[in-house]
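# Structural description and commentary
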Amino acid sequence: MREKPAVTFLATGGTIASTRAAGSQGIRPTMTAQDLLGTVPQAADVAEVTAIQVNQQPSASFGFAELLRICALARQQVADGAQGVVIAQGTDSIEETAYFFDLLWDWDAPLVVTGAMRNPSQPGGEGSANLLAAIQTAASAAARGLGVLVLLNEQIHAARFVRKSHTFAASAFASPIAGPLGWVVEGIPIFHTRVPRHPRLEPTAAMPAVALVKSVLDDDGRLLRALPGLGYSGVVIEGMGGGHVPMSVLPAVGELVAAMPVILCSRAGAGEVMRHTYGFPGAEIELIRDGVVPGGALDGLKARLLLTVLLSCGASREEIAAEFSARGYLAN
Ligand code: ASP
C-alpha cells in the first residue's frame, strides 16, 4: 500500500474554532487543533495529519511578526517532509494573510488557508467540511505548484485573487477576476485554471508602515498630506473606477510621490487599473506620468501587502514599479 502524504495542520483560532462559554455573550475561539482534527476522521483516508496549535485569536488582530512566524513554521514543516500545509484561521483577514503568505511561499507543496463562516454550534456550521476539503487539497498532487490557496465552500481560490465579499454568508469568498481555480468534488480537488507564480520575496528588514486610503467625493487631500508626518513609508490609493482621484487631491498626491512610493488601485472591487485610457486631470495617464505606480488587478489590501514586503526587501522605486507591473497585470 502506498504511504499517505504527510500534511501539517496549523490552527490559529477563528470562527471555525469558536464556541460560546456558558454565561458569556458571544463566541470565542476555544477549540484546539486536535479538537478540530477530531471532527474530520475522514482526513485519515487521504493524509497523515499532524495538528499543531499555533495561537488562538481573532484574525483581525494578526500582525506581521506573527504572520512571519506562522509562515516560517509552515515552511519548516515542508522542509521536514510535509507534502502540504493547512492553516485554519478567522475569515476576516484571510484575503490578506493568504496573499502575504503567497508572497513568501516558493514551495511546490500547497499551503491551503481555510476557516468557516458559521461556527460549529450553528446549524450547517461548515468548518469541518472546509477543513476536510483543505486537507484533501493539501494532500493532492494536482494542487502542487499553485502557491497559497484559500479553500471555503468547496471552492479553491488563488490567494492573489480571493476576496471576502459578504459578512456572514457561507459563500462569502469569491475571486471576482478569475473565479475559483478549482473545486473539491467528491473529495477530489480538481483545477480548471492555473495561475503563473512569481519569485518568492524575502523580507530582510522590519515591515514599514504603508497606508491604504480610499478616494472619496469632495476629498481635500488632508489625509494624504498627513501621511509623511505620521511615519508612513508608502501609500496605496484606492482610486475610483479605472484609477481616478478627485482633482482636489492632486497637489497632495504630488507631494506624496516626492516623499514615498504611491500605488494606484481601484475601489471598484474587480478589474485592472487602466493605464492608457483616460486623459483628464486626476485620471490614470497623468497620475502614472507623474510617478504614481498602477497596481493592476491587485486590490488595495493586497497592494498594501506587496508594497510593505517590497519595501522591507529594500526595493528601489524602479523595482517596485516592475514588481507591480509583473504581479498586478497579466499583459504588459
Ligand atoms: N468572523 C471571523 C471568522 O470568520 C472571526 C475572525 O476572523 O477571527 O473567523
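You'll find the structure just up there.
Note that the coordinates shown come from a computational prediction; the quantities given were computed from them, not determined experimentally.

### Examining the packing of aromatic side chains
This structure, assessed with the given rule, holds three aromatic pairs. Taking NZ or CZ as reference, Arg275 lies 3.5 Å from the ring centre of Tyr329, over its face.

### Some thoughts on the site of the ligand
The full set of residues close to the ligand is Gly14, Thr15, Pro58, Ser59, Gly90, Thr91, Asp92 and Ala116. One nitrogen or oxygen atom from the main chain of Ala116 is found 3.3 Å from an oxygen atom belonging to the ligand. The protein chains hide 82% of the 260 Å² of surface that the ligand would expose on its own. Taken together, the residues of the shell around the ligand break down into two nonpolar, five polar and one charged.

### What to know about the nonpolar core
Core analysis: the largest hydrophobic core is formed by 47 residues, its most contacted members being Phe100, Phe101, Ile263 and Phe324. Looking at this core, the elements that each hand over two or more residues are helix H2 (64-79), strand E5 (84-88), helix H3 (94-103), strand E6 (111-114), strand E7 (148-152), strand E15 (262-266), helix H8 (300-312) and helix H9 (317-328). When sequence neighbours within four positions are dropped, the list of residues in contact with Phe324 reads Ile263, Val293, Pro294, Gly295, Leu298, Ala303, Leu306, Leu307, Leu310 and Tyr329. Ala43, Ala116, Phe161 and Leu181 belong to the second largest nonpolar core, which has 35 residues in total.

How each quantity is defined
- Counting restarts for each chain, with residues numbered from 1 along the sequence as it is written.
- In keeping with the predicted nature of the model, local features appear solely for residues at pLDDT of at least 70, side-chain atom pairs appear and are counted solely at 80 or more, and the whole-chain, interface and lining totals rest on all residues.
- Only hydrogens and water are set aside when side-chain values are computed; all heavy atoms of the structure are taken into account.
- To pair, rings of Phe, Tyr and Trp, with the six-membered ring standing in for Trp, must have centres within 6.5 Å; the planes then decide the type, stacked if under 30 degrees apart, edge-to-face if over 60, and tilted in the middle.
- Charge over a ring is defined by NZ of Lys or CZ of Arg lying within 6 Å of the ring centre and within 35 degrees of the ring normal.
- Summary of the distance rule: residues count as near a molecule or strand when at least one heavy atom falls within 4 Å of that molecule or strand.
- N or O atoms closer than or at 3.5 Å make up a polar contact, with two conditions inside protein: a donor-capable atom paired with an acceptor-capable one, and, for residues adjacent in sequence, both atoms drawn from side chains.
- In these tables, accessible area is a Shrake-Rupley quantity obtained with a 1.4 Å probe, and a residue counts as shielded only by the protein chains included in the view.
- Only Asp, Glu, Lys and Arg are considered charged in this grouping, and only Ala, Val, Leu, Ile, Met, Phe, Trp, Tyr, Cys and Pro are considered nonpolar; every other residue, Gly among them, is considered polar.
- As used here, the term nonpolar core means buried Ala, Val, Leu, Ile, Met, Phe, Trp, Tyr and Cys residues forming a set that is joined through side-chain atoms within 4.5 Å.
- Think of it in three bands: residues with accessible area under 20% of the maximum for their type are buried, residues over 50% are exposed, and the middle band is partly exposed, with areas taken using a 1.4 Å probe on protein chains only.
- Strands here mean DSSP runs of E at least two residues long; helices mean DSSP runs of H or I at least four residues long; both are numbered from the N terminus.
- Contacts are assigned to residue pairs with any non-hydrogen atoms lying within 4.5 Å of each other.

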